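If you want the building blocks of each chain, they are given just below.
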Amino acid sequence: MSVSEMSPADLRILKQLQSSGRMTNQELAEKVGMAASPCWRRMKQLEDSGVITGYQANIDRKKIGLGLLAFIRVKIDSHSEEDARRFEQEVGALPAVIACYAIAGDTDFLLQVVAKDLDSFSSFAMEVVRRLPGIKEMQTSFVLREVKPLNMLPLEGM
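Read on for an overview of the structure. For every chain, the first residue of the written sequence is number 1, and numbering continues from 1 onward in sequence order. Note on the predicted model: pLDDT of at least 70 is required for a residue's local features to be given, and 80 or more for side-chain atom pairs to be given and counted; whole-chain, interface and lining totals, by contrast, use all residues. Each side-chain value is worked out from all heavy atoms of the structure, with water and hydrogens disregarded.

Some remarks on the sheet that holds strand β2 (residues 97–102)
Backbone-to-backbone hydrogen bonds join strands into a sheet, with any given pair of strands oriented parallel or antiparallel. The 4 strands are arranged β2-β3-β1-β4 in an open sheet whose pairing can be described as antiparallel. Taken across any chain shown, the strands that pair with only one partner, and hence form the sheet edges, are β2 and β4 (135–142). Taking the axes of each pair of neighbouring strands and ignoring which way they run, one obtains an average angle of 20° across the sheet. Both strand β1 (residues 68–76) and strand β3 (residues 109–115) contribute to a ladder of 7 bridges, which runs antiparallel. Residue Leu-69 lies in a different strand from β3, and its bridge partner there is Val-114. Of the strands in this sheet, β1, β2, β3 and β4 are in contact with helix α4 (residues 81–92), which crosses β3 at around 15°. Against the sheet, helix α5 (residues 118–129) contacts β1, β2, β3 and β4, and its axis sits at roughly 165° relative to β4. One requirement defines pairing of two strands: DSSP has to find at least two bridges between them. Secondary structure elements are taken from DSSP: a helix is a run of H or I of four residues or more, a strand is a run of E of two residues or more, and numbering for both begins at the N terminus. Axis definition: a line fitted to C-alpha atoms, over the contacting stretch in the case of helices. Angles run 0 to 180 degrees between N-to-C directions. What makes two residues a contact is simply this: any of their non-hydrogen atoms within 4.5 Å.

Below you can see the structure in the form of C-alpha cells.
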C-alpha cells in the first residue's frame, strides 16, 4: 500500500500509533475520530499490507547501560552480490549493530552500533567488526549528543 492509496484516516491512525502503540482500539478510534470497528479494520488492513510492521517499546539505551552510540562506515573488498550478502548476514547476527544500511558514496555500508563504553566498543570493533569477511576499510564516528533520534516517521504532507 503506497501513501497515495492511504486515506486521511489511515494517516491519522499511523500518527497516533507512532506516538503510543499501547492504546486500546477504543482509545485509538476516539483520537482519530472514528467508530471502533472501522478503526480496527483499517488498522488490521495496515498490518496485513505490511505498512505496520510491528509494535515495540522505545527503550532509553543509556538507562540499560548502552551509553555509547557510534556509526561505522565500512568498505568491502569485493562488490559481488554473494560477498555483499554474506557480509549483510554476518552483520545482521550482531546484536550490538542496531541498524545497517547499504549506502552509495565512498563507503559501502553504514553500521549503527551501541556499546556500554569506549572499551567495550573498541573490543567489538577490533575483534568482531574488523574480522568480518571482506572488510577493506572502516571508519568510526562517535555520537556526542543525539539531537533528533529516530522514533517517528514524518506523515504530514504526504
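Now that the structure has been shown, we can carry on.
Regarding the pattern of salt bridges
Salt bridges are defined as contacts in which a side-chain nitrogen from Lys or Arg sits within 4 Å of a carboxyl oxygen from Asp or Glu. Here the structure, examined in full by the defined rule, presents 4 salt bridges. The partner of Asp-10 in a salt bridge is Arg-42, with the nearest N and O atoms 3.0 Å apart. With a gap of 32 residues between them, Asp-10 in helix α1 (residues 8–19) and Arg-42 in helix α3 (residues 36–48) connect regions that are remote in the sequence. Throughout this description, buried means an accessible area under 20% of the type-specific maximum (1.4 Å probe, protein chains only), exposed means over 50%, and partly exposed covers the range between. Taking relative accessible area as the criterion, Asp-10 reaches 3% and is therefore assigned buried. A salt bridge links Glu-146 to Arg-61; the nearest nitrogen and oxygen atoms lie 3.1 Å apart. Taken together, the residues Glu-146 in the segment after β4 and Arg-61 in the loop between α3 and β1 connect sequence positions 85 residues apart.

Details of the nonpolar core
Take the buried Ala, Val, Leu, Ile, Met, Phe, Trp, Tyr and Cys residues and link them wherever side-chain atoms come within 4.5 Å; each set so joined is a nonpolar core. Among the nonpolar cores identified, the biggest contains 22 residues, and Ile-72, Val-74, Phe-87, Leu-111, Val-113 and Phe-121 are the most heavily contacted of them. Only β1, α4, β3, α5 and β4 provide two or more residues apiece to this core. The leading source of residues in this core is β1, at 5 residues. Excluding its chain neighbours within four sequence positions, the residues that come into contact with Ile-72 are Phe-109, Leu-110, Leu-111, Val-113, Phe-121, Val-129, Met-138, Gln-139 and Thr-140.

Notes on the packing of aromatic side chains
Only Phe, Tyr and Trp rings are paired, with Trp represented by its six-membered ring, and only when their centres lie within 6.5 Å; those with planes under 30 degrees apart are stacked, over 60 edge-to-face, the remainder tilted. Under the definition given, this model contains 2 aromatic pairs. Ring geometry for Phe-87 against Phe-109: centres 4.6 Å apart, planes inclined by 40°, an arrangement best described as tilted. Pair noted here: Phe-87 is in helix α4 and Phe-109 is in strand β3, with a separation of 22 residues, a long-range link. Overall, Phe-87 belongs to the buried group, its relative accessible area being 0%. Judged by relative accessible area, which is 3%, Phe-109 ranks as buried. Aromatic pair Phe-121 and Phe-142: ring centres 5.2 Å apart, planes at 75°, arrangement edge-to-face. Residue Phe-121 is found in helix α5, and its partner Phe-142 is found in strand β4; the two are separated by 21 residues along the sequence. Phe-121 sits in the buried class, given a relative accessible area of 4%.

So, α3
A helix is expected to span 1.5 Å multiplied by its residue count minus one. Over its 13 residues, α3 extends 18 Å from the first C-alpha to the last, a length consistent with the 18 Å expected when each residue adds 1.5 Å. Regarding α3, the residues found buried are Cys-39, Met-43 and Leu-46. For α3, the angular spread of the buried residues around the axis is 55°, confining them to a single face. Those residues of α3 that are exposed and angled more than 90 degrees off the buried face are Arg-41 and Asp-48. Buried residues along α3 sit against α1 and α2 (25–32). Taken from the residues just after α3, Gly-50 is the one with a positive phi, measuring 90°. The arc in question is traced by the directions running from the helix axis to the C-beta atoms.

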